[in-house]
Amino acid sequence: MGSSHALAYSRIDGFEIAGLCTRGINARTLPDALAGAPTFTSFDEALKTVKPDVVSINTLPDTHAEFAIKAMEAGAHVFLEKPIAETVADAQRVVDSAIRTKRKLVIGYILRHHPSWMKFIELARTLGTPLVFRMNLNQQSSGAQWETHKRLLNSLSPIVDCGVHYVDIWCQITPAKPVRVHAVGARLTDDLPKGMYNYGHFEVNFDDGSVGWYEAGWGPMMSETAFFVKDVIGPKGSVSIVLAAGVEAVKSDDINAHTQTNQILLHHAELAADGSLAKPDERLSTTDEPGHDDLCEREQRFLLKAIDEDLDLSAHMGDAIKSLQIVLAADESVRTGRVVTL
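None of these values were measured; they are calculated from a predicted model.

In this structure, what is going on with the environment of F206? I would like to understand it.
With respect to the helices and strands, the residue F206 is situated in strand β9 (residues 199-206). A relative accessible area of 4% places F206 in the buried class. In the structure, F206 is positioned 29 residues away from K177 in sequence and 5.4 Å away in space, judged by C-alpha atoms. Once you skip the residues sitting within four places of it in the chain, F206 turns out to touch F133, W170, T174, A176, K177, P178, V179 and V211.

Help me out: how do you make sense of a nonpolar patch on the surface in this one?
Where nonpolar side chains cluster on the molecular surface, the patch consists of V132, V211 and I233 and spans about 170 Å² of accessible area. V132 sits in the partly exposed class, given a relative accessible area of 30%.

Just checking my understanding: could you explain the packing of aromatic side chains for this structure?
Counted according to the given criterion, the structure contains ten aromatic pairs. Put simply, the rings of W117, F120, F133, Y166, W170, F202, F206 and Y214 pair up and form one aromatic cluster. Cation over ring: K230 sits above Y166, and NZ or CZ is 4.6 Å from the ring centre. Directly above the ring of F228 sits K230, whose terminal nitrogen or CZ lies 3.8 Å from the centroid.

Is there a simple way to explain the nonpolar core in this structure?
The nonpolar side chains of a soluble globular protein tend to be buried with one another. By size, the foremost hydrophobic cluster in this structure holds 80 residues, and its most contacted members are L105, F120, W170, F202, Y214, V232 and V239. Considering every element that reaches this core, the biggest residue donor is helix α10 (residues 314-336), with ten residues. Filtering out sequence-adjacent residues up to four positions away, Y214 remains in contact with M135, N136, L137, I159, C162, G163, Y166, W170, G200, H201 and F202.

Can you help me understand the side chain of Q139 in this one?
With respect to the secondary-structure elements, Q139 resides in strand β7 (residues 139-140). A relative accessible area of 8% means that Q139 is categorised as buried. Here the side chain of Q139 touches H149 through a polar contact of 3.5 Å, side chain to side chain.

Would you mind showing me how to read the pattern of salt bridges here?
Pairing is possible between side chains that carry opposite charge, provided their charged atoms lie close to one another. Tallying each qualifying case throughout the model produces 17 salt bridges. Across the pair R100 and E73 runs a salt bridge, and its minimum N-O distance is 3.3 Å. Pair noted here: R100 is in helix α4 (residues 88-101) and E73 is in helix α3 (residues 64-73), with a separation of 27 residues, a long-range link. Using a relative accessible area of 51% as the deciding quantity, one classes R100 as exposed. Close ionic contact of D191 with K150 constitutes a salt bridge, the shortest N to O distance being 2.6 Å. Remark: K150 occurs in helix α6 (residues 143-152) and D191 occurs in the loop between β8 (178-186) and β9; sequence separation between them is 41 residues. Overlapping salt bridges bring together R11, E297 and R301 as one network.

Thresholds applied
- Residues numbered from 1 in each chain as written.
- Predicted model: local features only at pLDDT ≥ 70, side-chain atom pairs only at ≥ 80, totals over all residues.
- Heavy atoms only, no water.
- Helix = DSSP H or I, 4+ residues; strand = E, 2+ residues; numbered from the N terminus.
- Buried < 20%, exposed > 50% of the residue type's maximum accessible area, 1.4 Å probe, protein only.
- Contact = heavy atoms within 4.5 Å.
- Patch = residues over 30% accessible without salt bridge, like charges linked within 9 Å, V, L, I, M, F, W, Y side chains within 5 Å.
- Areas by Shrake-Rupley, 256 points an atom, 1.4 Å probe, with all protein chains shown as cover.
- Salt bridge = Lys/Arg side-chain N within 4 Å of Asp/Glu carboxyl O.
- Phe/Tyr/Trp six-rings, centres within 6.5 Å; stacked < 30°, edge-to-face > 60°.
- Lys NZ or Arg CZ within 6 Å of the ring centre and 35° of its normal.
- Core = buried A, V, L, I, M, F, W, Y, C linked by side-chain atoms within 4.5 Å.
- Polar contact = N/O pair within 3.5 Å; in protein donor to acceptor, adjacent residues only side chain to side chain.

Have a look at this one:
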């Protein structure tokens, strides 16, 4: 993610790469667009030396809150990858710091900038109340990708790290408040930190009767069957993300597959006088859509717009806390075996 965002900044008028920081940067071959930038292995040293206007934080989640607060206190606006912290209290500290320092804080919810997902949300809002959300993202990872997942598993489970994206989608569709979360998890390998699990799913109850489930798992043992389910169902019908006829199925470790929609299927529940469905299903083509790196650029253009036009990001930041609260409640439910009331 750091590389994708850095390359995005290099393509946007209004940004200039002032420095790059990662622990192993001396062993990396940088692309031409980034090769001339100063490099650092220490975040504190980079912040002090560069004195940047913007800091883009794409580290592992256990440093997100600390680095974001330090950057804002140093006078920088912040782009922060999700999740914004490991606890709700730390997430609130990050948001409070943005408000206190009057710095812009944009969180890396990439789907908020995807035109097809924006259309998916718009259609889901027309389905009535209550709603049923059915979503998952399982990843059959091996080699370097499994090593990356294992590093992430030092901090967060898949239902937290990936779950915030899709819970954020739910919260954009419905204004209802989440009230209860129940989850289960499984440790499918011993090659994990003590107490961590690499598969989980959770259910959420909302105060308007809406319900949702989300499932996520990482590792070489994960099934490729139905790894990408994106459904919303309401009294008036349903909207789903599906593959168009003739399109070859993608693999779950393809990062572009995590955002691409390919086709939106809109189903109408209205019945005719004879009891049959009154309207045919509609398929909305979304094949001409941005790739992963294009979406990263859209995120950074939004950050620049937020700075230049002094946008109010209160709802954006509040939603980040809300979605984190839900997935952390799910993690608590896995670990305690109890339903968590919000």
